[in-house]
Amino acid sequence: MSLFASDINKVITDEERDFLKVRGKRYGLYILGATSVTQDAIAFIGQPVSLSEKDIPALAEKAKLIKVNGTLAINQLQHAGVLASTEFSKKPVVGPSAE
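Quick caveat, the model's predicted, so the values are computed rather than measured.

Asks: Quick question: what am I supposed to make of the overall build of the protein here?
Replies: A count of helical and extended segments in the protein gives three helices and two strands. N-terminal to C-terminal, the α/β element order of the protein is α-β-α-β-α. Each of the 99 residues in the protein was classed as buried or not, and the buried ones make up 36%. Summed over its atoms, the accessible surface of the protein is roughly 6200 Å², and 59% of this surface lies on carbon and sulfur atoms.

The structure is reproduced here in structure tokens:
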């Protein structure tokens, strides 16, 4: 599960803010979109990342928007494995294979 909502610099957009505000009003628990944990794990443009401390403000803002009305927020950590795109890391794909 994920959203294609972050901008190219992995910053939260106004559209994503509006989307999350609505979700924070409707549910008791919301799982934020798949957040890549390493550069070689990114699967698509706009995927949120948690690669360094500079990524924390955007992730924290998303959680705050969800939690404003009492909804719990969970950040889903993700590694795309063999489905990762080498376009983003310029490194070989890392993951299990049948080979």
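Asks: Can you walk me through the side chain of R23 in this structure?
Replies: Examined against the element boundaries, R23 turns out to sit in helix α1 (residues 14-26). Buried R23, no salt bridge; nearest opposite-charge side chain is D18, N-O distance 10 Å. In this structure, R23 is in contact with Y30, I66 and T71, ignoring residues within four places of it in sequence.

Asks: Would you mind showing me how to read the pattern of salt bridges here?
Replies: Pairs may arise between side chains of opposite charge once their charged atoms sit close together. Counted under the stated rule, the structure contains four salt bridges. Measuring nitrogen to oxygen at the nearest pair gives 2.5 Å for the salt bridge that ties R17 to E61. With a gap of 44 residues between them, R17 in helix α1 and E61 in helix α2 (residues 56-67) connect regions that are remote in the sequence.

Asks: What should I look at first to understand α1 in this one?
Replies: Spacing of three or four residues puts side chains on the same side of an α-helix, whose turn is 3.6 residues. Between its terminal C-alpha atoms α1 stretches 19 Å, which fits the 18 Å expected from 13 residues at 1.5 Å a residue. Along α1, the positions that sit buried rather than exposed are E16, L20, R23 and G24. Looking down the long axis of α1, one finds its buried residues gathered within 100 degrees of arc, a one-sided arrangement. Among the exposed residues of α1, those oriented more than 90 degrees off its buried face are D14, E15, K25 and R26. Buried residues along α1 sit in contact with β1 (29-36) and α2.

Asks: What's the story with unusual backbone geometry in this structure? I'm lost.
Replies: Outside of glycine, negative phi angles account for most residues, and trans bonds account for most peptide bonds. Of note, the phi angle at K90 is positive, near 60 degrees, even though the residue is not glycine. Topologically, K90 is positioned in the segment after α3 (86-89). Its relative accessible area of 69% is what places K90 among the exposed residues.

Asks: How should the nonpolar core be read in this particular structure?
Replies: For soluble globular proteins, nonpolar side chains are generally found buried alongside one another. Counting residues in hydrophobic clusters, the biggest one holds six residues: I12, L20, Y30, L32, L65 and I66. Apart from the residues lying within four places of it in its own chain, the contact partners of L20 are I12, Y30, L32, K62, L65 and I66.

What counts, and where the lines are drawn
Residues numbered from 1 in each chain as written. Predicted model: local features only at pLDDT ≥ 70, side-chain atom pairs only at ≥ 80, totals over all residues. Heavy atoms only, no water. Helix = DSSP H or I, 4+ residues; strand = E, 2+ residues; numbered from the N terminus. Buried < 20%, exposed > 50% of the residue type's maximum accessible area, 1.4 Å probe, protein only. Areas by Shrake-Rupley, 256 points an atom, 1.4 Å probe, with all protein chains shown as cover. Lys, Arg positive; Asp, Glu negative; His and termini not counted. Salt bridge = Lys/Arg side-chain N within 4 Å of Asp/Glu carboxyl O. Contact = heavy atoms within 4.5 Å. Expected span 1.5 Å × (residues − 1). Arc of directions from axis to C-beta. Core = buried A, V, L, I, M, F, W, Y, C linked by side-chain atoms within 4.5 Å.

Shape descriptors only; they carry no functional weight alone.
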